[in-house]
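Listed below are the residues making up each chain.
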Amino acid sequence: QVQLVESGGGLVQAGGSLRLSCAAAGRTFSRTFMAWFRQAPGKEREFVATIAWTGRFTYYADSVKGRFTISRDNAKNALYLQMNSLKPEDTATYYCAAGATDWGSMAKYDYWGQGTQVTVSS
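One numbering rule holds for all chains: residues counted from 1, following each sequence as written. Residues qualify for local features only when their pLDDT is at least 70, as the model is predicted, and side-chain atom pairs are given and counted only at 80 or more; totals for whole chains, interfaces and linings, by contrast, use all residues. Side-chain metrics rest on all non-hydrogen atoms present in the structure, leaving aside hydrogens and water.

S.K.: Any chance you could explain the sheet that holds strand β8 (residues 78–83) here in plain terms?
M.R.: Strand pairs in the sheet, formed through backbone hydrogen bonds, run parallel or antiparallel to each other. The strand order across the open sheet built from 4 strands is β1-β3-β8-β7, with neighbouring strands paired in antiparallel fashion. Bordering the open sheet on either side are β1 (3–7) and β7 (68–73), each of which pairs with just one other strand. Between one strand axis and the next, the sheet turns by 15 degrees as a mean value, whatever way the strands run. Pairs of strands are assigned from DSSP output, requiring at least two bridges between the strands. For helices the rule is a DSSP run of H or I covering at least 4 residues; for strands it is a run of E covering at least 2, with both sets numbered from the N terminus onward. Note on method: axes are straight lines fitted to C-alpha atoms, helices fitted across the in-contact stretch only, with angles between N-to-C directions ranging 0 to 180 degrees.

Right under this line is the structure:
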């Protein structure tokens, strides 16, 4: 019943931008964190960014700080990730996650999307 669907991925050149969206259905995620994770081929899934329900708290991985911006629209039950100044090392499958009462651990997120591919060429 609960479904998260990512969109907005694609192929871009280094220095370009993409905006990822995550549409949530089946429930709202009040008073919980939402986040983006990513996973490159052959590597473990890693944290990218998180945002609290109110939007007043955000936290970013050092690798994306200053380049990515996470936001959410609770009226639309949606999550976004604006990615600027993309680098080849940003290439990965990006996953939307929701439902955590503690943002700091991947295991805390109860719901996950299927991912959207981001490829950044040199």
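So much for the structure itself; the text now carries on.
S.K.: I would appreciate a short explanation of the side chain of E6 in the present structure.
M.R.: Within the element layout of this structure, E6 appears in strand β1. Salt bridges are absent for the buried E6, whose nearest opposite-charge side chain, R45, sits at 7.6 Å. For the purposes of these results, a polar contact is taken to be a pair of N or O atoms within 3.5 Å, where, inside protein, one atom must be able to donate a hydrogen and its partner to accept one; residues adjacent in sequence count only when each atom of the pair is a side-chain atom. A distance of 3.1 Å separates a polar atom in the side chain of E6 from the backbone nitrogen of Q114. There is a polar contact of 2.8 Å between the side chain of E6 and the backbone nitrogen of G115. Pairs of residues are marked as contacts when any of their non-hydrogen atoms sit within 4.5 Å. Leave out the neighbours within four places in its chain, and E6 touches S21, C22, W36, Y94, Y95, C96, G113, Q114, G115 and T116. A 1.4 Å probe rolled over the protein chains alone gives each residue an accessible area, and that area as a share of the maximum for its type sets the label: buried under 20%, exposed over 50%, partly exposed in between. Under this rule, positive means Lys or Arg and negative means Asp or Glu; His and the chain ends count for nothing. Whenever a carboxyl oxygen of Asp or Glu lies within 4 Å of a side-chain nitrogen of Lys or Arg, that contact is scored as a salt bridge.

S.K.: In this structure, what is going on with the nonpolar core? I would like to understand it.
M.R.: Grouped burial of nonpolar side chains is what soluble globular proteins tend to show. Ranked by internal contacts, the top residues of the largest apolar core, which has 28 residues, are W36, L81, M83 and Y94. Secondary structure elements with two or more residues in this core: β3 (18–25), β4 (33–39), β5 (46–51), β7, β8, β9 (92–100) and β11 (116–121). Once residues lying within four places of it in the same chain are set aside, the contact partners of M83 are G16, S17, L18, L20, R67, F68, Y94 and V118. Residues belong to one nonpolar core when they are buried, are Ala, Val, Leu, Ile, Met, Phe, Trp, Tyr or Cys, and are joined through side-chain atoms within 4.5 Å. In this structure, A35, F37, A52 and Y109 belong to the second largest nonpolar core, which totals 7 residues.

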